[in-house]
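Listed here are the chains, written in short residue letters.
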Amino acid sequence: MRVLVTGASGFVGRHAVPALVARGYAVHAVARAPIFGAVVHAADLLDEAQRRALVAAVAPSHLLHLAWDAEPGRYWTSPSNLDWVAASLDLARSFVEAGGRRLVVSGTCAEYRWDSPRFDEATSACRPATLYGAAKDGTRRILSAYAASVGLSFAWGRLFYLYGPGERRGRLVSDAAHALLAGEAFPTSPGHQRRDFLHVLDAAGALAALLDGPVTGAVNIGSGTAVPVRTLLDGLAQRTGRPDLLDYGAQALGPSEPAVIEAAVARLRDEVGFRPRFTLDTGLDDTLAWWRDHRARGFRPAASP
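Okay, so let's go over this structure. For clarity, every value in this text was computed on a predicted model and none was experimentally measured.

Thresholds, definitions, all that
- Residues numbered from 1 in each chain as written.
- Predicted model: local features only at pLDDT ≥ 70, side-chain atom pairs only at ≥ 80, totals over all residues.
- Heavy atoms only, no water.
- Helix = DSSP H or I, 4+ residues; strand = E, 2+ residues; numbered from the N terminus.
- Rg over C-alpha atoms; globule rule 2.2 N^0.38 Å.
- Buried < 20%, exposed > 50% of the residue type's maximum accessible area, 1.4 Å probe, protein only.
- Contact = heavy atoms within 4.5 Å.
- Areas by Shrake-Rupley, 256 points an atom, 1.4 Å probe, with all protein chains shown as cover.
- Lys, Arg positive; Asp, Glu negative; His and termini not counted.
- Charge placed at Lys NZ, Arg CZ, Asp CG, Glu CD.
- Pairing = 2+ DSSP bridges.
- Salt bridge = Lys/Arg side-chain N within 4 Å of Asp/Glu carboxyl O.
- Phe/Tyr/Trp six-rings, centres within 6.5 Å; stacked < 30°, edge-to-face > 60°.

A few points about the overall build of the protein chain
When helices and strands are counted, the protein chain shows nine helices and 15 strands. A compact globule built from 305 residues should have a C-alpha radius of gyration of about 19 Å, and the protein chain, at 19 Å, falls within 12% of that. Over its C-alpha atoms, taken along the principal directions, the protein chain stretches across nearly 60 × 45 × 35 Å. Residues counted as buried form 52% of the 305 residues belonging to the protein chain. Residue pairs at least 24 apart in sequence account for 78% of intrachain contacts in the protein chain once pairs closer than 6 positions are excluded. When the accessible surface of the protein chain is split by element, carbon and sulfur atoms take 53% of a total near 12,900 Å². Taking the 33 positively charged and 30 negatively charged side chains of the protein chain as two groups, their mean positions are separated by 2 Å.

The following block contains the structure:
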């Protein structure tokens with residue numbers, strides 16, 4: 001079993017590689033630096049010639065496609081979403097033409113219409129409110145139809161709110177951890193909105209399990225339990241001994257932000273057979289331990305793919 005992993009330098013990808021190696025895959029990774037256990041390839045996936053040459057050279061039986069523009073603060077509206085739609089569709093076609101059999105692509109909970117507290121793959125409507133969500137949803141719909149027409153086994157891992165080691169700055173947990181460890185005030189919303197948070201190692205493990213099985217279609221990848229953002233931030237503050245630095249209400253919550261975003265995880269649990277290893281408490285412990293260690297070394301997390 002030979003798998004090609006795109007976005008292997010990113011937040012999820014760097015953890016997905018060892019999860020796939022542990023399952024017995026020969027891993028070929030598109031990345032910017034060496035990755036233990038993988039054959040690394042340097043390629044610009046937005047370049048058609050490089051993309052096709054990569055797939056032809058690797059001839060993978062499996063493809064885990066994670067690469068996309070995830071630049072904090074811009075990816076929701078970036079025109080590059082259109083580039084990634086086109087690149088993803090051509091990547092899938094090249095994969096099939098090279099004899100590929102099993103394709104898993106990462107999606108997002110932003111594909112859903114955020115009008116209910118809990119989102120189920122079979123019953124919740126996909127009506128995204130952002131360009132990013134629409135680009136992902138459109139890619140999924142086209143790939144689903146294409147896979148059915150060519151006999152490709154295809155699954156879509158719909159990611160909810162991830163956190164953990166290696167998360168780049170510009171996101172909630174990474175920015176809060178950095179501020180609290182540096183002794184700086186962290187202005188935030190009142191924090192009563194509830195979100196489904198999942199440790200990145202669990203997300204990577206879930207994607208590896210999804211790729212390694214026969215389940216097709218969309219599968220939510222979350223914890224199955226939404227918690228108030230305030231609970232997560234209080235957990236970080238308590239572990240750093242600086243609850244005084246959390247400035248709740250200093251920032252307004254956007255009017256389009258729903259009160260609750262929670263994943264229904266029956267498919268992930270019962271069909272894929274995956275259960276998270278981390279609780280919120282152990283996940284925060286692990287995340288802060290990583291930040292303490294890497295702040296001491298002057299480490300800067302790598303950019304997302």
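Concerning helix H5 (residues 172-182)
In an α-helix, one turn spans 3.6 residues; hence positions three or four apart end up facing the same way. Looking at H5, one finds that the buried residues are Val 173, Ser 174, Ala 176, Ala 177, His 178, Ala 179 and Leu 180. Here the buried face of H5 lies against strand E8 (161-163), strand E9 (186-188), helix H7 (229-240), strand E14 (246-248) and helix H9 (280-296).

Remarks on the sheet that holds strand E10 (residues 194-195)
Taken together, four strands build an open sheet; the order of strands is E6-E15-E10-E13 and the sheet is mixed. Of all the strands in the sheet, just strand E6 (118-119) and strand E13 (227-228) have a single pairing partner and so form its edges. With two bridges joining them, E10 and E13 adopt antiparallel strand pairing. Within the sheet, the bridge partner assigned to Arg 194 lies in E13 and is Pro 228.

As for the pattern of salt bridges
For the coordinates displayed, the defined rule picks out 21 salt bridges. Here Arg 168 ties to Glu 71 by a salt bridge, and the two come within 3.2 Å at their closest N and O atoms. In this pair, Arg 168 is assigned in the loop between E8 and H5 and Glu 71 in the loop between strand E4 (62-65) and helix H3 (80-97), connecting sequence segments 97 residues apart. Given a relative accessible area of 31%, Glu 71 falls into the partly exposed group. Linking Asp 270 and Arg 269 is a salt bridge whose minimum nitrogen-to-oxygen distance equals 2.9 Å. Judged by relative accessible area, Asp 270 falls into the exposed class, the value being 52%. Residues joined by salt bridges that share partners form a network here, namely Glu 111, Asp 137, Arg 140, Arg 141 and Arg 158.

Topic: the side chain of Thr 240
Among the secondary structure elements, Thr 240 is positioned in helix H7. Look at Thr 240 and you get buried, because its relative accessible area is 18%. Among residues more than four places away in sequence, those in contact with Thr 240 are Leu 180, Leu 181, Leu 288 and Arg 292.

Quick look at the packing of aromatic side chains
Under the counting rule described, the total for this entry stands at nine aromatic pairs. Both rings, one in Tyr 112 and one in Phe 119, keep their centres 5.1 Å apart while their planes meet at 20°; by these two values the pair is stacked. Each ring, one from Tyr 112 and one from Phe 160, has its centre 6.4 Å from the other, and the planes form 45°; the classification is tilted. In this pair, Tyr 112 is assigned in the loop between strand E5 (102-108) and E6 and Phe 160 in the loop between strand E7 (153-159) and E8, connecting sequence segments 48 residues apart.

Let's talk about the side chain of His 178
Here His 178 is to be found in helix H5. Each residue touching His 178, except ones within four places of it in the same chain, is listed here: Arg 169, Glu 184 and Arg 295.

Observations regarding the environment of Gly 283
In this fold, Gly 283 is placed in helix H9. Overall, the relative accessible area of 0% leaves Gly 283 in the buried class. Taking the C-alpha atoms as reference points, Gly 283 and Asp 270, separated by 13 residues in sequence, lie 23 Å from one another. Setting aside residues up to four positions removed in sequence, Gly 283 forms contacts with Tyr 163, His 199 and Phe 278.

Points about the environment of Leu 207
If you trace the backbone, Leu 207 turns up in helix H6 (residues 200-211). As for Leu 207 and Arg 158, which are separated by 49 residues in sequence, their C-alpha atoms are 9.6 Å apart.

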